[in-house]
Amino acid sequence: MLAALAGEVRQRPPFWLMRQAGRYLPEYRELRAKAGSFLDMCYNPDHAVEVTLQPLRRYDMDAAILFSDILVVPHALGQPLTFLEGEGPKLDPVRSVEDLKRLSRDRFHERLEPVYETVRRLSSAIPAHTTLIGFAGAPWTIACYMVEGAGSKEYAHVKRWAYGDPAGFGALMDLLVEVTADYLCTQIEAGAEVVQLFDSWAGVLPAGEFRRWVIEPTRRIVDLIKARHPAIPVIGFPRGAGLSYEEYVTGSGVDAVGLDTTVPVAWAAGNLQSRLPVQGNLDPIMLAAGGEALRTAASEILETLAGRPFVFNLGHGVIQTTPPEHVAELARLIKDWPNRG
């Protein structure tokens, strides 16, 4: 994994899967039933370490990604957060400069100490050949949740604030840039070898606003991380970026870029992969479907991207209805890739 992110072409590409630890695994569901709330799992190092290790035992991925959630950052800033079964996260909305006064950095690292403890334990618990990935949500995506108070289809509240009061919204983004960089650096100091920024809602912005609220905050976070940990790779995942992927790659400073499901792999090979390693981008529904469709799609990605620095992954996270045996088949296909035919 680290070699691929440094620009080396491996005999076979390394692989891991977004949301590889989760509800599709029966052992996860069993632990989840005993653990209490989802946030309780995230803040309990015993549970979080176990969940992180579960897919490694089954599939021997080349990387483990910390089990946590992107919304622990606003939670650590003092924004009330709950996860409702079947509905997802709910937060008390922050929609003005006045609302920002409810947030505080005073206990930020104290509240996140269980996450750092999980990283410390994982750094010695995972196999030696496995890379440990830390992560955070990128500021735009975190702001979407903080302002909307939940997931959204139109992002009306956050866009109105960003478009109508860019200085006020910028104060929220400045705060998120600073605490996210510090959060990721602290994960690195606890043992993370790579960090990934998830910008799940990057694609809802028009080009100029994408530049302002996605690329620029990402560049600032990368600069802050590199000032403290220059050798640590940063992967950016600007989901839905479309034609703005190129500008994101050239402007954000990330060391590698995650491709969402919609990015044509031939286009990525010609326009992105000559500049930096790419990661992706099998459709998670294809993984759930399995069979010949899965084998054909995965092989096309490998044939197109494996000749340059590349990490095999999905274009978004593993979905709950994915049969575990389909993940096992994908793992075999990737591991056998150098010996195909």
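Residues numbered from 1 in each chain as written. Predicted model: local features only at pLDDT ≥ 70, side-chain atom pairs only at ≥ 80, totals over all residues. Heavy atoms only, no water.

- As recorded in an unreviewed UniProt entry, the protein chain goes by the name Uroporphyrinogen decarboxylase, listed as coming from Azospirillum aestuarii.
- Taken from UniProt, the Subunit (unreviewed entry) comment for the protein chain reads in full: "Homodimer."
- The record in UniProt for the protein chain states the following under Function (unreviewed entry): "Catalyzes the decarboxylation of four acetate groups of uroporphyrinogen-III to yield coproporphyrinogen-III." (UniProt positions renumbered as here; feature names shortened; annotations may be inferred.)

**Concerning the pattern of salt bridges**
- Applying the stated criterion to the full structure yields 25 salt bridges.
- Note that Arg-12 and Asp-62 form a salt bridge whose closest N and O atoms lie 2.9 Å from each other. With Arg-12 in the loop between helix 1 (2-5) and helix 2 (26-35) and Asp-62 in the loop between helix 4 (45-59) and strand 1 (63-65), the pair connects residues that are 50 residues apart, well separated along the chain.
- Measuring nitrogen to oxygen at the nearest pair gives 3.1 Å for the salt bridge that ties Arg-120 to Glu-117. With Arg-120 and Glu-117 both in helix 7 (residues 108-125) and three residues apart, the pair spans about one turn of that helix.
- Judged by its relative accessible area of 25%, Glu-117 falls in the partly exposed class.
- It is possible to trace a salt-bridge network through shared partners that takes in Asp-46, Glu-113, Glu-117, Arg-120 and Arg-121. (Salt bridge = Lys/Arg side-chain N within 4 Å of Asp/Glu carboxyl O. Helix = DSSP H or I, 4+ residues; strand = E, 2+ residues; numbered from the N terminus. Buried < 20%, exposed > 50% of the residue type's maximum accessible area, 1.4 Å probe, protein only.)

**Some points on the UniProt feature "binding site: substrate" (unreviewed entry) in the protein chain**
- Summarizing the sequence annotation, UniProt attributes the feature "binding site: substrate" (unreviewed entry) to Arg-19, Gln-20, Ala-21, Gly-22, Arg-23, Asp-69, Tyr-145, Ser-200 and His-316 in the numbering used throughout. Taking the farthest pair of C-alpha atoms as the criterion, the annotated set spanning 298 residues is dispersed, since that pair is 22.7 Å apart.
- Take Gln-20: its relative accessible area is 1%, and that puts it in the buried class.
- Within the local environment of Gln-20, its side chain forms a polar contact with the backbone nitrogen of Leu-17, the two atoms lying 2.8 Å apart.
- Looking at where Gly-22 falls in the secondary structure, it is placed in the loop between helix 1 and helix 2. (Polar contact = N/O pair within 3.5 Å; in protein donor to acceptor, adjacent residues only side chain to side chain.)

**Regarding the pairing of strand 3 (residues 88-91)**
- For strand 2 (residues 81-84) and strand 3, the ladder comprises four bridges, and the chain directions are antiparallel. Looking at strand 3, one finds that Phe-83 is bridged to Pro-89.
- Between strand 2 and strand 3, which pair antiparallel in sequence order, lie three residues; one of them, Gly-86, sits at a positive phi of approximately 80°. (Pairing = 2+ DSSP bridges.)

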